[in-house]
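# Examining the three-dimensional arrangement
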Amino acid sequence: MADFDCIVVGAGVSGLVFATRMARGGQRTLVLEAADRVGGCIHSWRAQPDFWLELGAHTAYNSYAPLLEALPERGGLDRLLLRKKLGYRFITPQNSLQSPLARLNFFQAAVSVPFGVARSKSGRSVADWFGGLLGRDNYRNLLAPAFAAVLSQQADDFPAEWLFRRKPRMKQAPRSYTFAGGLQGLLEAVAADAAFSLRTAARVSAIQRDDTGFIVRMGEASLTCRHLALATPVDLASDLLSEVRPVLARQLAEIGVIEIESLGVVVPAASCQLPPLAGLMAVDDAFWSVVSRDVMPHPRFRGFTFHFHPRRLDRAGKLARAAEVLGVATADFIQVAETVNRLPTPRIQHVTLAEDIARQLADEPLALVGNYLNGLSIGDCAELAAREATRLLRR
């Protein structure tokens, strides 16, 4: 008999949503997480007892129903915190702020929209579809830097059908929200007293097959399970599958990974003259975007996370650029935190790859969940995890 019905490798959004569904379906489920915290790409830095800042994914919506559905049974929906509605601005290398509308050619948009809106997104890149929607100049001047800020990578070749897909909303929840302690707090609430087991600081080193299903190795220790889900970065999933599914492992290796060097800073509220905003979108700069904590205003502090291109600036250069953007001195930074976020870089051809992988796994006790087969957003991850859990529960 296997040690568990299901083992999930990774305790980010995908892993926790998947584990919740499997445990709710009566499966003895264990989640193994290499880090000492849950969250994955959601990383809430608790800089002060009453002040946190998102160093990774930062926005959640009530259309992310599979994530929210893990909360009501433990009374979690009433703990969602409403975010203040604020806008985004563009910032140039000369530190001038621009409204998105200031970068829009209205005449070109008016001419393009009637023809572009009816085109299917299927098989088209972001540059192709959105360029056809608003016009090529509008794409270059407005949408290209905006999408790069959203995805923290050049977005021209990203699949258009994976961006901004409509999802049904959970009307009991605020449209946009966070949680006490940040979005990581939401995932901690999902894991608290859950029907599945969770082990952190448990790094999986290899996966093998046996007569009952899978052997999951952690150094010298090992566990067995009937069903296995990999909720890890795509390159790690590729490595772990190299022995049991070598062809699939090579396919996953085709999806690249980019490292985002994220820098969080906390400043006295009185020292920063930027108007309240949700964030900044960069134009030809060393960073992709700046995410602000202003959506959850604090009387004494303001916080900003800069998502830098990899290897563009050293630490001193990042601090200096952050100070320039905020109009403060580096000495004004009360606290600073750094992390590296690793994201997949899906391109248009990966839609077909994802469909092929789904066909290969249709009758298998193996699930691949994460941010590389369905889109990058929190909602995309939760949606795929819920769908794959439903598939395995039906086997």
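Residues numbered from 1 in each chain as written. Predicted model: local features only at pLDDT ≥ 70, side-chain atom pairs only at ≥ 80, totals over all residues. Heavy atoms only, no water.

### Section: the packing of aromatic side chains
A ring pair, where both rings are aromatic, is described by two values, the distance of the centres and the angle of the planes. Evaluation of the coordinates by the stated rule reveals nine aromatic pairs. With centroids separated by 4.8 Å and ring planes inclined at 65 degrees, the aromatic side chains of Phe 130 and Phe 147 adopt a geometry described as edge-to-face. Highlighted residues: Phe 130 in helix α4 (residues 126–134) and Phe 147 in helix α5 (residues 136–151), separated in sequence by 17 residues. One exposure class covers both Phe 130 and Phe 147, and it is buried. Linked through ring pairs, Trp 129, Phe 130, Phe 147 and Phe 164 together constitute an aromatic cluster. Between Arg 209 and the ring centre of Phe 214, over which it is positioned, the NZ or CZ distance is 4.4 Å. For Arg 293, the ring lying beneath its charged end belongs to Trp 52, and the centroid distance is 4.3 Å. (Phe/Tyr/Trp six-rings, centres within 6.5 Å; stacked < 30°, edge-to-face > 60°. Helix = DSSP H or I, 4+ residues; strand = E, 2+ residues; numbered from the N terminus. Buried < 20%, exposed > 50% of the residue type's maximum accessible area, 1.4 Å probe, protein only. Lys NZ or Arg CZ within 6 Å of the ring centre and 35° of its normal.)

### Let's talk about the sheet that holds strand β14 (residues 256–268)
Sheets are built from strands that pair by backbone hydrogen bonding, the pairs being arranged parallel or antiparallel. Pairing in this open sheet of seven strands is mixed, and the strands run β8-β7-β15-β16-β17-β14-β18 from one edge to the other. Of all strands in the sheet, those with a lone pairing partner are β8 (97–98) and β18 (335–345), marking the two edges. Sheet analysis places β14 next to β18, joined by 11 bridges and oriented antiparallel. Its bridge partner lying in β18, Leu 263 is registered against Glu 338. (Pairing = 2+ DSSP bridges.)

### Details of the nonpolar core
Core analysis: the largest hydrophobic core is formed by 101 residues, its most contacted members being Ile 7, Phe 18, Leu 228 and Leu 368. With sequence-adjacent residues up to four places away left out, Leu 368 is seen in contact with Leu 230, Leu 241, Leu 248, Leu 252, Ile 357, Leu 361, Leu 373, Leu 384 and Glu 388. (Core = buried A, V, L, I, M, F, W, Y, C linked by side-chain atoms within 4.5 Å. Contact = heavy atoms within 4.5 Å.)

### Looking at the pairing of strand β1 (residues 4–9)
The side chains of a regular strand alternate between both faces of the sheet. Burial within β1 is extensive, with six of its six residues counted as buried. In the sheet, β1 pairs with strand β13 (residues 221–230) via five bridges, with the strands oriented parallel. Paired with Val 9 across the two strands is Leu 230, which belongs to β13. When β1 meets strand β2 (residues 29–32), the two strands line up parallel, connected through four bridges. Paired with Cys 6 across the two strands is Thr 29, which belongs to β2. In the classification by handedness, the crossover that spans β1, the intervening helix α1 (residues 13–24) and the parallel β2 is right-handed. (Right-handed = clockwise from strand over helix to strand, strands pointing away.)

### A look at the sheet that holds strand β5 (residues 60–61)
Strands sit in the order β5-β9-β6 across an open sheet of three strands; the sheet is antiparallel. Each of the sheet's edge strands pairs with one partner strand only, and the pair in question is β5 and β6 (80–82). The pairing of β5 with strand β9 (residues 176–179) spans two bridges and is antiparallel. Bridge pairing in β9 places Tyr 61 opposite Ser 176. Lying on the sheet, helix α6 (residues 183–191) is in contact with β5, β6 and β9; it crosses β9 at an angle near 70 degrees. (Axes fitted to C-alpha atoms, helices over the stretch in contact; angles between N-to-C directions.)

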